[in-house]
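Topology and contacts: notes
As a plain string of letters, each chain reads:
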2 protein chains.
Amino acid sequence: MKWYVLRFTWLSGAGKTTLSDAVFDHLQKSWIQNIQQLDWDLVREHLTKDLWFSKQDREENIKRITFVAWLLTKHWVWVLATFISPYVNLRKYVRDNTTNFIEVFVNAPLNICEDRDVKGLYAKARKWEIENFTGISDPYETPENPEIEVRTDLCSIQEWVNQVIAYLQEHNYIAK
Amino acid sequence: MKWYVLRFTWLSGAGKTTLSDAVFDHLQKSWIQNIQQLDWDLVREHLTKDLWFSKQDREENIKRITFVAWLLTKHWVWVLATFISPYVNLRKYVRDNTTNFIEVFVNAPLNICEDRDVKGLYAKARKWEIENFTGISDPYETPENPEIEVRTDLCSIQEWVNQVIAYLQEHNYIAK
């Protein structure tokens, strides 16, 4: 038995949280009880109140989260982390500093993410009410070799989950 | 079976780390394998690089550590935390926001702590090279109702540990 960091990455509105929630439910039903979801809201409230969206702040943000994820896997906890993580070098930092890192590229075209605009953030970014907003006024460096890529605009949520679970089963990370 | 936050508090040089290390060893020998020590160096490297010794910074420091301790106990990890935590209201914050909190007052008179001066910090504080140094240029509010009080100037390390372990056994937190 091993413990993994599943890191869901891509733009706001791509479906990271939806997929993370669904994978969480599936793992729990598969008798994996020790799972922690880490997301922006939780981490912001407790660890990163002082940080915003500059390159430097994003870097510090990722470093704090990475430490927490490392601590948790060290103590036999699965971590499901949903963060935009737009820069290749920072995703590499996470990979190098956590145990058993699995990058899940939760892919959907920008226009689809913007249409969904679940939190109304794109609308604000277009009005320049949010600076350095990934996809609009800040770059996203596309993952080159993610362990898993899910196209959330092309299939159902059930299919997204099936794809992640199939990967975990194929690699014997969870039982079939 | 439950999981606890043992929080060792008092001045630099009181013996917090020595006691935490010894309790860690004892717990491991008692078949408690899932223990995390949290101390200034570890936390500073990963979570609190931006914080120093002002009241505001100390508060933010404690809040971040408390979140990590809460996450760990939630996932069945014992936490041994060694921090000066000089203010009553902040220790109360930790108590209110973690599960099964046990305050260990690692007590020794200031002059003894200063004589030990393991890290050379008192010397620097006396020369005003460190500001807001607890015990010298910043206050320490003595714990009023700690679960355990150990006088590290009056008995041997083995006796300090025995006192902590006796408390845990008496309350059925660990087996006798």
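Residues numbered from 1 in each chain as written. Chains lettered and ligands numbered in written order. Predicted model: local features only at pLDDT ≥ 70, side-chain atom pairs only at ≥ 80, totals over all residues.

Here the focus is the pairing of strand 3 (residues 78-82) of chain A. All names here are of chain A. The buried fraction of strand 3 is high, at five of five residues. Of the two faces of strand 3, the one holding Trp-78, Leu-80 and Thr-82 and the one holding Val-79 and Ala-81 are both buried throughout. Two elements, strand 1 (residues 5-9) and strand 3, share four bridges in a ladder whose sense is parallel. Across the sheet, Val-5 pairs through a bridge with Val-79, a residue of strand 3. (Buried ≥ 20, exposed ≤ 12 C-beta atoms within 10 Å, placed from the backbone. Helix = DSSP H or I, 4+ residues; strand = E, 2+ residues; numbered from the N terminus. Pairing = 2+ DSSP bridges.)

Residue and element names in this part refer to chain B. Ordered in space as 2-3-1-4-5, the five strands form an open sheet in which the pairing is parallel. Bordering the open sheet on either side are strand 2 (35-39) and strand 5 (148-151), each of which pairs with just one other strand. For this sheet the average axis-to-axis angle between neighbouring strands, irrespective of direction, equals 20°. Examined bridge by bridge, strand 2 and strand 3 (residues 78-82) share five bridges and lie parallel to one another. (Axes fitted to C-alpha atoms, helices over the stretch in contact; angles between N-to-C directions.)

For the rest of this paragraph, the subject is the sheet that holds strand 4 (residues 101-107) of chain A. All names here are of chain A. As summarised here, the arrangement of the five strands in space is 2-3-1-4-5, forming an open sheet in which the pairing is parallel. Two strands in the sheet have a free side with no partner beyond their single neighbour: strand 2 (35-39) and strand 5 (148-151). Averaged over all pairs of adjacent strands, the angle between their axes in this sheet comes to 20°, without regard to strand direction.

Here we take up the interface of chain A and chain B. The interface of chain A with chain B comprises 13 residues on the first partner and 13 residues on the second. Ranked by the residues each element gives to the side of chain A that touches chain B, the list is headed by helix 3 (residues 55-74) of chain A, at six residues. Along the lines of polarity and charge, the residues of the side of chain A that touches chain B split into six nonpolar, four polar and three charged. (Contact = placed C-beta atoms within 7 Å. Nonpolar A, V, L, I, M, F, W, Y, C, P; charged D, E, K, R; others polar.)

Honestly, it's all geometry; don't read function into it.
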